[in-house]
Amino acid sequence: MSKQNLSDPITLRLPLDLLGEIEAVAGACERSRSWVMVRALKAYMAQEGREILEIAQARRAIADGEGTDADDVLAELNAIIKGAAA
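The rules behind these values
Residues numbered from 1 in each chain as written. Predicted model: local features only at pLDDT ≥ 70, side-chain atom pairs only at ≥ 80, totals over all residues. Heavy atoms only, no water. pLDDT = per-residue confidence, 0-100. Helix = DSSP H or I, 4+ residues; strand = E, 2+ residues; numbered from the N terminus. Patch = residues over 30% accessible without salt bridge, like charges linked within 9 Å, V, L, I, M, F, W, Y side chains within 5 Å. Areas by Shrake-Rupley, 256 points an atom, 1.4 Å probe, with all protein chains shown as cover. Salt bridge = Lys/Arg side-chain N within 4 Å of Asp/Glu carboxyl O. Lys, Arg positive; Asp, Glu negative; His and termini not counted. Charge placed at Lys NZ, Arg CZ, Asp CG, Glu CD. 1 Å grid on protein atoms, 1.4 Å probe; cavity = no way out; pocket = protein on both sides within 12 Å on 5 of 7 lines; lining within 4 Å. Points joined across faces, edges and corners; volume = space filled by probe spheres on them. Nonpolar A, V, L, I, M, F, W, Y, C, P; charged D, E, K, R; others polar. Buried < 20%, exposed > 50% of the residue type's maximum accessible area, 1.4 Å probe, protein only.

Draft legend 1. View of the confidence of the model for the protein. With 95% of its residues at a pLDDT of at least 70, the protein reaches an overall mean of 93. Averaged pLDDT values for the elements of the protein fall to 90 in helix H3 (residues 70-85) and rise to 98 in helix H1 (residues 16-28).

As structure tokens, this is what we get:
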């Protein structure tokens, strides 16, 4: 298995209760605290982090004039619905 490229060490202060939970999980699965924290950060980035980045990208697109006005979309949907009903 190839070894991952790692950053320099990062200093992080955590609430003691959170650190206790991390240590408990690390002990239960016989892994290091770092292993648990990396897994937690990866899960965060895959969910909430990705959502934040997607929203930022959408805001940039809107600022650049991309996108379609909601009223235009609704008018097109209404036309489709009326056409299907006819």
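Draft legend 2. Seen up close, a negative patch on the surface. Residues Asp69, Asp71, Asp72 and Glu76 make up a contiguous surface patch of negative charge. Of note, aspartate 69 is situated in the loop between helix H2 (33-63) and H3.

Draft legend 3. Spatial organisation of the layout of surface pockets. Space inside the largest pocket adds up to approximately 1,100 Å³. Taken together, the elements giving at least two residues each to the lining of the largest pocket come down to H1 and H2. Here the lining of the largest pocket gets ten residues from one element, more than from any other, and that element is H2. Among the residues making up the lining of the largest pocket, the classes are represented as 16 nonpolar, six polar and six charged.

Draft legend 4. Molecular detail of the environment of proline 15. Relative to the elements of secondary structure, proline 15 occurs in the segment before H1. With 51 residues separating them in the primary sequence, proline 15 and glutamate 66 have C-alpha atoms 43 Å apart.

Draft legend 5. The pattern of salt bridges, seen in detail. A full pass over the atoms with the stated rule returns two salt bridges. Residue arginine 33 pairs with glutamate 23 through a salt bridge whose shortest N-O separation is 2.9 Å. Taken together, the positions of arginine 33 in helix H2 and glutamate 23 in helix H1 put the pair ten residues apart, joining distant regions of the chain. On the accessibility criterion, arginine 33 (40% relative accessible area) is partly exposed. By relative accessible area, glutamate 23 is classed as partly exposed at 39%. Across the pair arginine 50 and glutamate 54 runs a salt bridge, and its minimum N-O distance is 3.9 Å. Note that arginine 50 and glutamate 54 are positioned in helix H2 at a spacing of four residues, about one turn of the helix.

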